[in-house]
Amino acid sequence: MGSGSSPAKVAGQVLFELPIAESGRVVCTSPKDKVYLVTFTSPPDNRLVTPFCQALLLALDIIETRYPPGVLITTSGIEKFYSNGLDLDHASFTPGFFPDSLYALWRRVLTYPMPTIALLNGHAFAGALMLAMMHDYRMMNPHKGYICLNEVELGVPLRPPMTSIFRQKVSAQCYRKLVLEATRFKALEAFKEGIVDWLGGLDEALTYIDELKLVQKAGKGMTGKAVYGDLKREMWRETVGYLENFGAEDGRDFMAEGRKRKDREVSEKKVKQWEIVKAKL
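Since we're looking at a predicted model, the values are computed, not measured.

Q: An account of the overall build of the chain is needed here, citing residue identities and associated values.
A: The helix and strand tally for the chain stands at 13 helices and ten strands. Along the longest, intermediate and shortest principal axes, the C-alpha atoms of the chain span 80 × 40 × 40 Å. Out of the 281 residues belonging to the chain, those deemed buried represent 48%. Here the analysis covers contacts within the chain between residues at least 6 apart in sequence; of these, 71% occur between residues at least 24 apart. As displayed, the chain has an accessible area near 14300 Å², and 55% of this comes from carbon and sulfur atoms. The averaged location of the 33 negative side-chain charges in the chain is 5 Å from the averaged location of its 37 positive side-chain charges.

Q: An account of the sheet that holds strand β9 (residues 147–148) is needed here, citing residue identities and associated values.
A: Strand order in the open sheet formed by three strands is β5-β7-β9, and the pairing between neighbours is parallel. In the strand order of this sheet, the two ends are held by β5 (81–83) and β9, each with one partner. Sheet topology note: the β5/strand β7 (residues 123–125) ladder contains two bridges and is parallel. Note that in β7 the partner of S83 across the bridge is A124.

Q: Can you break down the packing of aromatic side chains residue by residue, with the values?
A: Across all of its chains, the model carries eleven aromatic pairs by this definition. Judged by centre distance (6.3 Å) and plane angle (25°), the ring pair of F16 and Y67 falls under stacked. Of this pair, F16 sits in strand β1 (residues 13–20) while Y67 sits in the loop between α1 (50–66) and β4 (71–76), placing them 51 residues apart in sequence. In this structure F16 comes out as buried when scored by relative accessible area, which is 12%. Overall, the relative accessible area of 25% leaves Y67 in the partly exposed class. Feature note: the residues F97, F98, Y103, W106 and F246 constitute an aromatic cluster, connected by ring pairs. Sitting over the ring of F98, R159 keeps its end group 4.2 Å from the ring centre.

Q: Go over the confidence of the model for the chain, please, and point to the residues and values.
A: Interpretation of this model should avoid reading the predicted coordinates in detail wherever pLDDT is low. For the chain, mean pLDDT is 92; residues scoring 70 or higher make up 96% of the total. Between residues 1–8, whose pLDDT stays under 50, and residues either more than four places distant or in other chains, the model counts 25 contacts.

Q: Quick one: what's the story with the pattern of salt bridges, residue by residue and with numbers?
A: Oppositely charged side chains can form a pair if their charged atoms are brought close together. All told, the structure shown has 13 salt bridges when counted by the stated rule. We note a salt bridge from R25 to E17, for which the minimum N-O separation is 3.4 Å. The exposure class of R25 is partly exposed, given its relative accessible area of 38%. Residue D136 pairs with K232 through a salt bridge whose shortest N-O separation is 2.9 Å. Within this pair, whereas D136 is found in the loop between α4 (127–133) and β8 (137–140), its partner K232 is found in helix α11 (residues 228–235), the two being separated by 96 residues in sequence. One exposure class covers both D136 and K232, and it is buried. Counted as one network, the salt bridges with shared partners bring together D61, E64 and R108.

Rules and cut-offs
- Residues numbered from 1 in each chain as written.
- Predicted model: local features only at pLDDT ≥ 70, side-chain atom pairs only at ≥ 80, totals over all residues.
- Heavy atoms only, no water.
- Helix = DSSP H or I, 4+ residues; strand = E, 2+ residues; numbered from the N terminus.
- Buried < 20%, exposed > 50% of the residue type's maximum accessible area, 1.4 Å probe, protein only.
- Contact = heavy atoms within 4.5 Å.
- Areas by Shrake-Rupley, 256 points an atom, 1.4 Å probe, with all protein chains shown as cover.
- Lys, Arg positive; Asp, Glu negative; His and termini not counted.
- Charge placed at Lys NZ, Arg CZ, Asp CG, Glu CD.
- Pairing = 2+ DSSP bridges.
- Phe/Tyr/Trp six-rings, centres within 6.5 Å; stacked < 30°, edge-to-face > 60°.
- Lys NZ or Arg CZ within 6 Å of the ring centre and 35° of its normal.
- pLDDT = per-residue confidence, 0-100.
- Salt bridge = Lys/Arg side-chain N within 4 Å of Asp/Glu carboxyl O.

Following this line, the structure appears as structure tokens:
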């Protein structure tokens, strides 16, 4: 598959660079006219922490407001990882992390007014796979990397937008493998299950962009309006709604916990009654 055997490198004219905290960076290049390759490098494994998310958000803003509509590709400058997902401590103890950084980034990508491609050069675990799913298309290195959701192994519940995006984009059987079995998918398996759309690297991504005429899709239609982002917002309305209404999660979580406690009390009472009856036999 040509360039799929190696991670995507910084290719084409450098348009701009942004820092990620003290040691990372985002580089936007243009490997082809109106194709924007955003390469993020935040050692050791591109964790989705606040500085990372905010740098990507700014990069997307710059592309939309300062360059002609085209196609966005995101990838990693770290060979082993596209991203290793969330830092659980950071996510748990950083005020505003979910609504202002993580969910803001996911919503921006999901409704971005241009075609988007996640170029998975290496592993994409948990939150990183969720970020990839927010893109319109996914291209995976056929020779390196796994993708998976491992929350069942970590003992971490999934929040509403983390699950809805998979319900909307993969089959029920694949969804079960991802969430309840924590299956680690290699590239070919991920392709067969429909998690990724293509196998390859940057060269193959550019070929598909031409074949599908994706650059043109971001432009104005016959009415004079550009509606690509609007169409996506409606397509993925459920996930967009969850991402935009983070505050409602607390109420849902409170009600769910209350129901679990009540169900457990009822179950405990019924089992005790059964044990009493059994002891008398």
